[in-house]
Amino acid sequence: MAGYIFRRILQAIPVLLGTTFLIYFMVFAMPGDPLLALFGDKTPNPALLERLRQEYHLDQPFIVQYFLYLGGIFRGDFGTSFSGEPVSAILARTFPVTIRLAIMALFIEFVGGVIIGLVSGLRKGKLFDASALVISLIFISLPIFVIAFVAQFIFGIQLGWARTTVSTGAPIQDLILPAFVLASITFAQIVRLTRSSVIETQSLDFVRTAYSKGLSRRRIIPVHILRNSLIPVVTYAATDFGVLLVGATVTEGIFNVPGVGRTLYQAIIRGEGPTVVSFVTVMVLIYLVVNLVVDLLYGLLDPRIRYVK
Amino acid sequence: MSNNTPSPNHFVAPLEETPLVAIDAVKVGERPSNLWIDAWRDMRRRPMFWISAAIIVLIVIVALFPTLFTQIDPRECILSRSNGAPTATNILGFNKQGCDVFSRIVHGTSTSLSVGIIVIILTTVLGVLFGMFAGYYGGWLDSVLSRAGDIFFSIPYILAAVVIMSVFSAYRNVFIISLAIGIFAWPATARVLRAEILRVKNADFVMAAQALGVSRFRILLRHVLPNSIAPVIVVTTISLGAAIVAEATLSFLGVGLPNSTMSWGNDISAAQTDLRTAPQTLIYPSIALSITVLSFIMLGEVVRDALDPKARAQR
Amino acid sequence: MSDRTSQNAPGTGGEQQPLLRIRDLEVGFQTTDGIVPAVRGVDLTLMPGQTLAIVGESGSGKSTTAHAIINLLPGPGRITGGSIEFDGKELTKYSEREMEDIRGKLIGFVPQDPMSNLNPVWSIGFQVEETIRANGIATGRKDVRAHAIQVLREAGLQDADKRLKQFPHQFSGGMRQRVLIGIGLSSRPKLLIADEPTSALDVTVQRRILDHLETLTRDIGTAVLFITHDLGLAAERAEQLVVMYKGKIVEAGPSKEILQNPIHPYTQRLVAAAPSLASRRIQSATHESASHALSDLDYAPTQVTEGLDLIAAAEERLEHTSRTKRPDAIVVKDLTKVYKIRGQGKGASGELIASDKVNFTVEKGTTTALVGESGSGKSTVAKMILRLEDPTSGSILIDGQDVAPLKGKGLLDLRRRMQPVFQDPYGSLDPLRNIGNTIGEPLHTHNVGDRASRKARVLELLDQVALPQTLITRYPNELSGGQRQRVAIARALALKPDIVVLDEAVSALDVLVQAQILKLLADLQAELELTYLFITHDLAVVRVIADNVCVMQKGRIVEAASTDQVFDNPQEQYTKELLNAIPGAGIALGV
């Protein structure tokens with residue numbers, strides 16, 4: 001297992017270098033003045049421009065710029081935002097809120113999605129299954145901001161069950177609605193994936209053998225069917241964490257949740273290019289770390305991965 | 001020793017009850033069938049296929065000939081009717097600027113559809129090239145191509161598009177936004193194709209072709225690729241829907257198409273502040289968007305089921 | 001309907017209560033087109049401690065019958081009629097809950113494929129222990145563990161205590177099957193259902209495991225219901241035989257009697273077509289007197305066995321291959337292939353010697369069999385001869401020409417003279433190309449003739465392999481395994497090659513179809529003067545088809561001689577083991 005963890009971490013390094021380089025390349029290797037491009041049609045004040053120029057070492061050759069920038073990332077220096085506050089300070093303030101929201105959303109999508117998918121798969125072709133399939137298709141087709149607005153409209157405005165915007169400090173009860181909205185995007189995929197995985201596992205030989213051993217259905221479902229069906233679901237959840245990050249940006253923006261996502265959202269809306277780049281980098285790093293963790297978890301879930309290769 | 005009188009506990013069924021049939025007789029149906037023919041026969045029987053196909057055809061017609069569906073100029077905006085209620089001619093009412101909501105939806109269709117189509121052309125071309133060469137030739141080429149794919153895959157494509165659109169803020173148009181989405185969305189296609197090619201290239205028929213002296217590249221084109229392409233078609237259909245959502249999301253975030261371009265994402269974005277007072281200005285474009293995406297995803301699902309004999313057997 | 005089996009079986013005592021009594025069993029599968037019957041009116045009786053084998057081809061309903069007993073039918077399967085009485089209890093009336101108490105505890109089950117029947121995510125110990133707990137054999141952590149170790153030891157895993165924590169993928173196929181047998185017998189059941197328990201294993205492993213299973217069940221006194229496609233194996237392992245065909249029992253009774261005096265035409269077909277039996281017969285014939293014509297030895301084949309009689313096929317072969325020295329078609333010298341493998345575990349990487357200085361010669365117009373178990377390197381050698389893999393060292397001469405330096409035109413010319421037929425009938429044809437295109441591809445690739453003449457050649461080839469010409473526009477998925485293999489043979493013959501490399505070409509087929517294809521191959525050889533290199537794991541088939549045999553083990557040829565020599569007077573221990581593994585050793589046939 002230790003070898004497996006080590007290999008995974010080793011494999012993540014080129015990807016980390018590659019992604020940061022790619023982002024940096026997209027922004028700063030473009031022809032023309034990258035800073036002016038980032039500001040779009042706005043004209044930034046010269047003092048700010050000068051400060052950014054120094055911060056990004058724009059007087060240096062491109063590759064030197066990149067390594068200075070990379071070095072900064074390793075020291076936890078993601079640059080400064082428009083207001084002059086270091087990005088790392090903003091992160092320290094907003095990250096806990098996002099983590100809270102993300103954990104709630106993950107909990108909802110996983111527990112809900114897996115249970116519904118399991119029941120659907122076990123009752124394939126029945127009414128429950130058919131309705132779950134149709135509902136999940138609709139959820140998959142709805143963009144997150146539409147879901148967010150509809151939820152805000154129904155539960156916030158029409159029914160008055162929840163606040164349409166989260167109050168400062170982001171208490172748990174205020175985060176319930178945004179968490180459900182955030183969960184909804186991948187929830188439907190998890191239902192479908194669990195379902196098809198359960199159906200497939202159910203027909204495998206070892207399940208029949210488990211019955212032949214005299215085990216009860218109550219034991220076979222969790223121990224042999226669900227346990228094996230979870231492997232592809234977890235893999236999916238890892239690759240789709242990116243969708244969750246984008247979703248968090250939109251959801252936090254709409255519900256005014258004071259997290260990392262809202263900061264990015266506002267920077268995008270206000271056209272604060274350099275801040276956008278810093279926060280996108282942060283999110284990509286989060287994505288990489290989450291994927292690494294899930295990879296390791298995958299090793300726990302599937303002994304074949306752990307020992308072979 | 002041979003005799004034909006069995007002992008009492010030796011049972012023999014009467015031949016009339018158990019007639020013999022010829023060994024391995026050829027039994028074929030009336031018409032030839034292979035994966036594609038079977039898939040088409042399967043799809044043809046399913047209402048979901050016809051519903052989604054019909055909606056998609058309708059969307060394409062609306063995109064190509066918007067004036068067939070509305071005579072109202074979507075740019076004729078009169079502020080006095082801001083957020084106005086529906087009338088007999090303006091069936092969905094007016095938005096904040098006092099433009100006709102229905103006409104804007106009709107005229108915005110081509111934007112969404114164009115983005116979707118350009119993105120899937122881009123992702124399919126890149127994905128097929130990368131996936132095909134990585135999977136078929138393997139070795140160092142696979143390592144290089146797959147690592148490249150990993151890197152692109154590790155940046156969620158909407159976030160990447162946000163950065164690109166921020167950099168190209170001066171040149172926002174349908175083509176640039178499609179490029180921004182597609183350039184980071186192709187690894188999904190490449191991965192699916194690579195996995196499939198790895199499976200197919202070990203089949204005996206590939207070895208048989210090799211033993212015949214068919215060249216390696218020709219085997220790839222004639223035998224391996226045709227047998228690996230089915231999942232790519234499924235992914236492509238579904239990602240067309242996803243690309244439309246991506247455009248709308250970028251427009252919603254304000255880094256999509258400029259406000260002067262008519263698009264559902266822009267309309268939804270503009271309407272968000274009026275959620276309390278005029279929810280219809282937000283709801284209708286959202287419905288148009290969702291139905292479009294839903295029909296592509298539904299079509300993808302139908303195609304997936306039809307192309308996967310295992311899934312067909314499961315139903 | 002009369003009682004079909006063993007009511008008064010000798011040695012069991014007529015008064016004894018039967019353990020299992022199936023009456024008029026009907027099983028159907030629900031499909032969109034209504035219920036498709038799979039088992040139709042099956043009767044059988046099994047006495048305590050007895051072994052009964054159900055023999056049949058795929059689709060005969062043999063496994064379905066066995067699964068119906070403990071209600072393990074797959075999703076759409078239902079018992080639609082009849083009764084299953086086990087130990088005096090009517091099982092068809094049992095609820096799912098009541099069935100759980102029967103399964104595992106009173107009726108054990110050993111499945112077919114050891115690779116897919118253990119859950120890959122749980123350790124071996126876990127899977128044995130849960131069985132022990134579920135059947136209440138032991139309680140408490142320590143007891144259960146001790147019991148699990150004992151169960152695995154009995155099944156033949158000596159270091160069971162160390163291996164409890166390991167996962168299925170760390171076990172070989174034979175080891176996994178031992179685990180499954182251990183699980184099946186863990187609660188000392190009265191009945192064990194063994195569904196083709198060794199078909200997926202190497203022949204020598206097969207024999208060891210079946211011997212072990214026999215000893216265990218005899219010691220415990222468990223009755224065994226043995227499901228198999230191999231008539232020889234069935235007769236060797238069971239006192240009673242039931243032959244099934246298309247969901248019905250066609251013949252049932254004492255094994256020896258059925259083998260010696262098959263009455264139903266279907267059973268006669270099976271007896272004539274089973275390579276294990278045919279090889280025994282040929283063997284005993286050559287022993288008695290060398291001049292004895294082979295066909296005299298057999299019971300008189302009736303018209304239904306037409307084209308299936310392996311002995312007739314073998315005789316035909318003997319006639320056309322006279323014993324005069326012929327020119328060499330294939331000469332293999334010191335052929336070696338080393339694969340670099342990435343090490344499993346702690347960064348170790350090593351080399352796998354798949355083929356180690358292999359030498360042999362194949363004479364023109366004869367058949368040489370390359371025999372070995374999985375991992376023996378026989379397929380690697382075949383691929384090198386076909387120039388699908390490059391040798392690490394050594395040389396291959398085809399018609400006296402070294403093939404190693406061949407490129408472009410020369411290589412294409414070599415390919416024209418030598419064609420393969422592979423094992424997997426489902427993988428050997430491109431599913432998206434029709435039969436005409438598939439058979440015509442060689443002509444196309446080598447630019448032979450024009451459109452019309454190519455089509456004419458394809459039609460001619462279809463005739464040659466006895467397939468209707470109408471198949472030309474059809475696709476492989478419309479054909480059975482045997483028919484696909486015919487198409488593969490037609491493709492191989494398209495360029496009129498001299499040499500055909502048959503890599504396990506009949507191994508995946510049902511016995512009757514296998515016999516048909518073997519006959520076809522023999523006919524084609526006689527007609528076209530073909531040279532065959534026949535790669536197989538099955539010595540029984542070799543007896544029927546080959547002139548010379550090379551036995552491979554772990555990359556080396558351990559014995560090479562004429563087929564008669566190898567069978568009469570094997571020199572190597574390993575060859576003897578392989579010969580012993582041919583089922584039906586101890587059976588006196590109707591000779």
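Residues numbered from 1 in each chain as written. Chains lettered and ligands numbered in written order. Predicted model: local features only at pLDDT ≥ 70, side-chain atom pairs only at ≥ 80, totals over all residues. Heavy atoms only, no water.

Peer 1: Kindly report on the side chain of Thr575 of chain C, identifying the contributing residues and their values.
Peer 2: All names here are of chain C. Tracing the chain through its elements places Thr575 in helix H22 (residues 573-581). Engagement of the side chain of Thr575 in a polar contact is seen with the side chain of Glu559, the distance being 2.7 Å. Every residue in contact with Thr575, bar those within four places of it in the chain, is listed here: Val551, Glu559, Val566 and Pro570. (Helix = DSSP H or I, 4+ residues; strand = E, 2+ residues; numbered from the N terminus. Polar contact = N/O pair within 3.5 Å; in protein donor to acceptor, adjacent residues only side chain to side chain. Contact = heavy atoms within 4.5 Å.)

Peer 1: Run through empty space enclosed by the protein, naming residues and quoting values.
Peer 2: Residue and element names in this part refer to chain C. Going through the model one piece at a time under the given rule, you end up with seven cavities of 30 Å³ or more. By volume, the largest cavity is sized at about 100 Å³. For the largest cavity, the full set of lining residues is Thr51, Leu210, Leu213, Glu214, Thr217, Val224, Phe226 and Arg237. The set of elements that each furnish at least two residues to the lining of the largest cavity consists of helix H7 (203-220) and strand E8 (223-228). When residues in the lining of the largest cavity are grouped by element, the largest group, four residues, is from H7. Looking at the lining of the largest cavity residue by residue, the class counts come to four nonpolar, two polar and two charged. Taken as a whole, the second largest cavity encloses approximately 60 Å³ of empty space. What lines the second largest cavity is Val151, Glu154, Ala155, Ile181, Gly182, Leu185, Ser186, Arg188, Leu216 and Ile220. Mapped by element, the contributors of at least two residues to the lining of the second largest cavity are helix H4 (141-154), helix H6 (173-185) and H7. Here the lining of the second largest cavity gets three residues from one element, more than from any other, and that element is H6. (1 Å grid on protein atoms, 1.4 Å probe; cavity = no way out; pocket = protein on both sides within 12 Å on 5 of 7 lines; lining within 4 Å. Points joined across faces, edges and corners; volume = space filled by probe spheres on them. Nonpolar A, V, L, I, M, F, W, Y, C, P; charged D, E, K, R; others polar.)

Peer 1: Residue-level account of the pairing of strand E16 (residues 418-421) of chain C, with values.
Peer 2: For a regular strand, side-chain orientation follows a simple rule: the groups alternate between the two sheet faces. All names here are of chain C. Where burial is concerned, the two faces of E16 agree: the one with Met418 and Pro420 and the one with Gln419 and Val421 are both buried. Two elements, E16 and strand E17 (residues 499-503), share four bridges in a ladder whose sense is parallel. Each bridged residue has a counterpart across the sheet, and for Val421 the counterpart in E17 is Leu502. (Buried < 20%, exposed > 50% of the residue type's maximum accessible area, 1.4 Å probe, protein only. Pairing = 2+ DSSP bridges.)

Peer 1: Outline the sheet that holds strand E11 (residues 328-341) of chain C, supporting the account with residue identities and numerical values.
Peer 2: All names here are of chain C. Reading across from one edge, E12-E11-E14-E15 is the order of the four strands in this open sheet, with antiparallel pairing throughout. Only two strands of the sheet have a single partner each, and these edge strands are strand E12 (350-363) and strand E15 (401-402). With ten bridges connecting them, E11 and E12 associate as antiparallel partners. Note on E12: the bridge partner recorded for Val332 is Phe360. Contacts from helix H14 (residues 378-385) reach E11, E12 and strand E14 (393-398) within the one sheet, and its direction differs from that of E11 by about 115°. (Axes fitted to C-alpha atoms, helices over the stretch in contact; angles between N-to-C directions.)

Peer 1: Any chance you could break down helix H15 (residues 408-417) of chain C for me, citing the residues and the numbers?
Peer 2: Where H15 of chain C is concerned, the buried positions are Leu411, Leu414, Arg415 and Arg417 of chain C. All buried residues of H15 of chain C fall inside an arc of 160° around its axis, so they share one side. The exposed set on the far side of H15 of chain C, more than 90 degrees from its buried face, consists of Gly408 and Lys409 of chain C. Looking at the packing, one finds that the buried side of H15 of chain C touches helix H8 (204-212) of chain B together with E14, E15, E16 and E17 of chain C. (Arc of directions from axis to C-beta.)

Peer 1: I'd like to hear about the interface of chain A and chain C, residue by residue, with values.
Peer 2: Each side of the interface is counted separately: chain A has 23 residues, and chain C has 29 residues. Both sides together, the interface formed by chain A and chain C hides about 2400 Å², and carbon and sulfur atoms give 57% of it. Measuring nitrogen to oxygen at the nearest pair gives 2.9 Å for the salt bridge that ties Glu130 of chain C to Arg219 of chain A. Where chain A touches chain C, the interface holds 13 residue pairs in polar contact (both at pLDDT 80 or more). Going through the elements one at a time, helix H9 (205-212), helix H10 (217-239) and helix H14 (303-307) of chain A are the ones with two or more residues in the side of chain A that touches chain C. Among the elements that make up the side of chain A that touches chain C, the one with the highest residue count is H10 of chain A (seven residues). (Buried area = accessible area lost by both parts, 1.4 Å probe. Salt bridge = Lys/Arg side-chain N within 4 Å of Asp/Glu carboxyl O.)

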